[in-house]
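# Structural description and commentary
Here's the letter readout for the chains.
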Amino acid sequence: MGFSSTFPSLVPMAMFFIAFLALCLMPQPSQAITRHYEFNITMQNVTRLCHTKSIVTVNGKFPGPRIITREGDRLLIKVNNHVPNNISIHWHGVRQLRSGWADGPAYITQCPIQTGQSYVYNYTIVGQRGTLWWHAHISWLRSTLYGPLIILPKKNESYPFLKPFKEVPIILGEWFNADPETIISQALQTGGGPNVSDAYTINGLPGLLYNCSAKDTFKLKVKPGKTYLLRMINAALNDELFFSIANHTLTVVDADAVYVKPFETETILVTPGQTTNVLLKTKPEYPSATFLMTARPYVTGQGTFDNSTVAGILEYESPIPHSTKSIKKLPLFKPTLPPLNDTSFATNFSKKLRSLANSQFPAKVPQNVDKHFFFTVGLGTTPCDKNQTCQGPTNTTKFAASINNISFVQPTTALLQSHFMGQSNSVYSPYFPINPLNWFNYTGNPPNNTMVYNGTKVLVLPFNTSVELIMQDTSILGAESHPLHLHGFNFFVAGQGFGNFDPNKDPANFNLIDPVERNTVGVPSGGWVAIRFLADNPGVWFMHCHLEVHTSWGLKMAWLVLDGKLPNQKLLPPPSDLPQC
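In this text the structure is predicted, and so the values were computed from the model without any measurement.

### Describing the overall build of the protein
Counting its secondary structure elements, the protein contains six helices and 33 strands. A compact globule built from 581 residues should have a C-alpha radius of gyration of about 25 Å, and the protein, at 26 Å, falls within 12% of that. Along the longest, intermediate and shortest principal axes, the C-alpha atoms of the protein span 110 × 70 × 55 Å. Across the 581 residues of the protein, 56% fall into the buried class. The long-range share in the protein, meaning contacts at least 24 apart out of those at least 6 apart in sequence, stands at 79%. Carbon and sulfur atoms provide 53% of the accessible area of the protein, an area that totals close to 24900 Å². Distance between charge centroids for the protein: 6 Å, based on 44 positive and 35 negative side chains.

As structure tokens, then:
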């Protein structure tokens, strides 16, 4: 009797404990956290190429510190300015959903942080994972103010490729013996082209191919039979760069913090502003050799450039301990990089980049377009100052650059702040041209009049507008590739080609199934690129060439995306510590 009376009560209790145990063993949803960083902007003496100078740094480091976070995390980064320069920091590629106050470009989303002042950048990583980076976004200060921003997947989520044994950021940069701020200031005064850099760098080091730099060589020490994830970033001011490792194949798995269909290559091309994650599978056994990793420029323009090569060393750990002297005796293999002007390689490489476009990582390409825009991008001229002789294309003109022949004039009040406060009338015009003001054969003989118009104009979009934008290079002062970066959005690269874009024929060849998703894209030299994006992020968003000299000459503009109707479609109010001009 006792047995039959107690057994029914034990069954539901046992089932409860089984269910509780199963619940405990199930993967739990990852909890987003808030991560705090502090950036102290200070001057630091740094020696490269046997030349010591004082440079602007974050926390005394060059390159600057890594930011490591996870998808979904909130970042609070306090920036304290202890140098004479005005400072602003851009978190390159971060969507900044409704948090445009944290985007960073000076006089666009914020006034710069003045000497002795601080600002807390407050934003959340939404729907992104991979490699991005941060850099100064005022004048040429990003020549030394930059570092990696690494976004790991959420906890309990994995990469869609083989888990690497180790992850290594590799940042390509430029080194100037002179002060870059002085270089660009003098160039803008004289109207001529600025002096080029003295070296390229890998993680801040020029490498053994430069004089007086053997000790300043980046070394990547690896184990045989392992897979390494190299997080490649091009932080150079003015140069697109080829990169390769001798006798090794790289597998591209990510571009601009978006997974791509993996493909193998011996060389990658990274334009300024872009990031590329590659898998490096080391040799199965110790090779009794060392291998150079090198980078040098891809050149399309007619101006002067830094025709040098940066080198690092891939060094295998030997199973047998040996001295440094014996390492030096090992054979050293050097990669063969494409020719400096190898546009064929650049084109074929970019065409291999495709989105995963699967159920887990869909390619949400706008299939229907609300607004079509056509932008010409390229160089031009502007008159010298009165009673001044210039060093530009002629002795009466300065170099300039423009989009749709509008050379952007930087305001003295932040565009976003003036928009939010309803005080935009005296700051910018909302009538940026949606097509060129003057039509001509863009890649043929240039027009006689190469003068640009100067102005602070923005292009206004209603919330949730689907956009197709054609960006067309021009032959004015010579055709040249232009890496264009769009703040606040990722976009899909639907197509590209050479010559003049043909609206009747070229759209038929657009890829609207698995185009690569990026935040920075190269407009081909003498060609065009088509991008699509959804304007679902309210705020003012900068778009500009990431060749810093072209940006300085005015190759930039801004999009103003209006608030949506719902509360979660509106720009958040500005923080209380927002810098004032």
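### Some remarks on the environment of Glu 240
Along the chain, the position of Glu 240 falls in strand 13 (residues 240-245). Other than its neighbours up to four places away in sequence, Glu 240 contacts Asn 234, Leu 269, Val 270, Thr 271, Pro 272, Arg 296, Pro 297, Tyr 298 and Ser 481. In terms of polar contacts, Glu 240 uses its side chain to reach the side chain of Ser 481, at 2.4 Å.

### Points about the pairing of strand 27 (residues 482-486)
Counting buried residues along strand 27, five of its five residues qualify, which places the element largely inside the surrounding structure. Pairing of strand 27 with strand 30 (residues 520-523), which is carried by four bridges, proceeds in the antiparallel orientation. Across the sheet, Pro 483 pairs through a bridge with Gly 522, a residue of strand 30.

### Some remarks on the sheet that holds strand 12 (residues 227-234)
Strands sit in the order 10-9-12-17-14-15 across an open sheet of six strands; the sheet is mixed. The open sheet terminates on both sides in strands that have one partner only, identified here as strand 10 (199-202) and strand 15 (258-265). When strand polarity is set aside, the average angle formed by the axes of neighbouring strands in this sheet is 25 degrees. In the sheet, strand 14 (residues 250-255) pairs with strand 15 via five bridges, with the strands oriented antiparallel. Bridge pairing links Thr 251 to Glu 264 in strand 15.

### Points about unusual backbone geometry
With an omega of -10 degrees, the peptide bond running from Phe 62 to Pro 63 counts as cis. Counting through the fold element by element, Pro 63 comes out in the loop between strand 2 (51-58) and strand 3 (67-70). Backbone geometry at Leu 49 places phi at a positive 55 degrees, although glycine is not the residue there. Within the fold, Leu 49 resides in the loop between strand 1 (34-48) and strand 2. The exposure class assigned to Leu 49 is buried, which follows from its relative accessible area of 17%.

### Focus: the packing of aromatic side chains
Throughout the structure, instances matching the rule amount to 36 aromatic pairs. Between Tyr 159 and Phe 161, the aromatic rings sit 4.9 Å apart at their centres with planes inclined by 5 degrees, giving stacked as the arrangement. Phe 161 matches Tyr 159 in its accessibility class, with the two residues each being buried. Ring geometry for Trp 439 versus Tyr 442: centroids 6.3 Å apart, planes at 55 degrees, classification tilted. Put simply, the rings of Phe 373, Phe 375, Phe 432, Phe 489, Phe 533, Trp 541 and Trp 559 pair up and form one aromatic cluster.

### Considerations on the pattern of salt bridges
Side chains carrying opposite charge are able to pair once their charged atoms draw close together. Here the structure, examined in full by the defined rule, presents 12 salt bridges. Among the ionic pairs, Arg 231 bridges to Glu 167, the shortest N-O distance being 2.8 Å. Of this pair, Arg 231 sits in strand 12 while Glu 167 sits in strand 9 (residues 166-175), placing them 64 residues apart in sequence. In this structure Arg 231 comes out as buried when scored by relative accessible area, which is 1%. The network of salt bridges with common partners includes Lys 261, Arg 354 and Asp 514.

### Side note on the state of the cysteines
Scanning the entire structure with this criterion turns up three disulfides. Across the disulfide from Cys 111 sits Cys 581; the S-S distance is 1.9 Å. Every disulfide takes its handedness from the sign of the S-S torsion; for Cys 111 and Cys 581 that torsion is -100 degrees, giving left-handed. One end of the pair, Cys 111, is in the loop between strand 5 (89-92) and strand 6 (118-124); the other, Cys 581, is in the segment after strand 33 (556-561), with 470 residues separating them in the sequence. Between the sulfur atoms of Cys 384 and its disulfide partner Cys 390 the distance amounts to 2.0 Å. Each member of the pair Cys 384 and Cys 390 is classed as buried. The connectivity of the disulfide bonds within the protein can be written as 1-3, 2-6, 4-5, using the sequence rank of each bonded cysteine.

So, how was this worked out
- Residues numbered from 1 in each chain as written.
- Predicted model: local features only at pLDDT ≥ 70, side-chain atom pairs only at ≥ 80, totals over all residues.
- Heavy atoms only, no water.
- Helix = DSSP H or I, 4+ residues; strand = E, 2+ residues; numbered from the N terminus.
- Rg over C-alpha atoms; globule rule 2.2 N^0.38 Å.
- Buried < 20%, exposed > 50% of the residue type's maximum accessible area, 1.4 Å probe, protein only.
- Contact = heavy atoms within 4.5 Å.
- Areas by Shrake-Rupley, 256 points an atom, 1.4 Å probe, with all protein chains shown as cover.
- Lys, Arg positive; Asp, Glu negative; His and termini not counted.
- Charge placed at Lys NZ, Arg CZ, Asp CG, Glu CD.
- Polar contact = N/O pair within 3.5 Å; in protein donor to acceptor, adjacent residues only side chain to side chain.
- Pairing = 2+ DSSP bridges.
- Axes fitted to C-alpha atoms, helices over the stretch in contact; angles between N-to-C directions.
- Phe/Tyr/Trp six-rings, centres within 6.5 Å; stacked < 30°, edge-to-face > 60°.
- Salt bridge = Lys/Arg side-chain N within 4 Å of Asp/Glu carboxyl O.
- Disulfide = S-S within 2.5 Å.

The values reported here are purely geometric and, on their own, carry no functional implication.
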